[in-house]
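Understanding the architecture of this molecule
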Amino acid sequence: MPEEAARTRKAPLPRGRRVQTWDGAVVRGGVSVRVKAPLKRVPVWVRVGSIVVSYPAAHVAEGLGDTPEADRPLCATLWGRKRHGSGCPRRRYPDARAPDRRGCAG
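Residues numbered from 1 in each chain as written. Predicted model: local features only at pLDDT ≥ 70, side-chain atom pairs only at ≥ 80, totals over all residues. Heavy atoms only, no water.

Looking at the overall build of the chain
Helix and strand content of the chain: one helix and seven strands. Moving toward the C terminus, one meets the helices and strands of the chain in the order β-β-β-β-β-β-α-β. Within the span of the chain, comprising 106 residues, buried residues form 23% of the whole. Entry remark: accessible area of the chain is about 8,400 Å², with carbon and sulfur atoms responsible for 53%. (Helix = DSSP H or I, 4+ residues; strand = E, 2+ residues; numbered from the N terminus. Buried < 20%, exposed > 50% of the residue type's maximum accessible area, 1.4 Å probe, protein only. Areas by Shrake-Rupley, 256 points an atom, 1.4 Å probe, with all protein chains shown as cover.)

This is the structure we're talking about:
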């Protein structure tokens with residue numbers, strides 16, 4: 001359980017590169033990091049190259065309970081750019097741009 005007056009929090013990160021969701025910085029995993037722990041933000045890291053499907057922030061602010069499930073919009077955000085390697089597929093359309101981390105901001 002977190003300490004009540006804690007200003008920072010220690011968080012173990014799995015191996016691999018991670019994106020900090022609150023500022024977009026890329027950090028190395030496989031270590032424990034100490035981060036600020038404000039009450040208004042939960043520190044969350046996403047593996048670089050992950051696609052996260054969620055509700056747009058503006059829709060969440062309005063309240064999800066007021067809209068039927070079938071009418072709730074979804075958006076997908078690509079977090080960071082994964083380095084291409086032998087096991088990484090190439091994009092099908094080379095001139096298509098992937099959404100940045102702000103894909104679900106509105």
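Comments concerning the confidence of the model for the chain
Caution applies to low-pLDDT parts of the model: their predicted coordinates are not meant to be read in detail. Overall, the prediction assigns the chain a mean pLDDT of 75, with 71% of residues at 70 or greater. The spread of mean pLDDT over the elements of the chain runs between helix α1 (residues 57–62), the lowest at 76, and strand β5 (residues 45–47), the highest at 93. Low pLDDT, under 50, characterises residues 85–103; the stretch is placed with 21 contacts to residues that sit more than four places away or in other chains. (pLDDT = per-residue confidence, 0-100. Contact = heavy atoms within 4.5 Å.)

Comments concerning the sheet that holds β5
One open sheet accounts for three strands, arranged β3-β2-β5; its pairing is antiparallel. In the strand order of this sheet, the two ends are held by β3 (26–28) and β5, each with one partner. For this sheet, the mean inter-axis angle between neighbouring strands, taken without regard to orientation, is 40 degrees. Where strand β2 (residues 17–20) meets β3, three bridges bridge the pair, whose relative direction is antiparallel. Bridging from a neighbouring strand, arginine 17 pairs with arginine 28 of β3. (Pairing = 2+ DSSP bridges. Axes fitted to C-alpha atoms, helices over the stretch in contact; angles between N-to-C directions.)

Structural notes on the environment of arginine 15
Following the sequence through the fold, arginine 15 ends up in the loop between β1 (8–12) and β2. Remark: the alpha-carbon pair of arginine 15 and arginine 28, spanning 13 residues in sequence, is separated by 7.4 Å. Those residues in contact with arginine 15 that sit more than four places away from it in its chain are Gly29 and Gly30.

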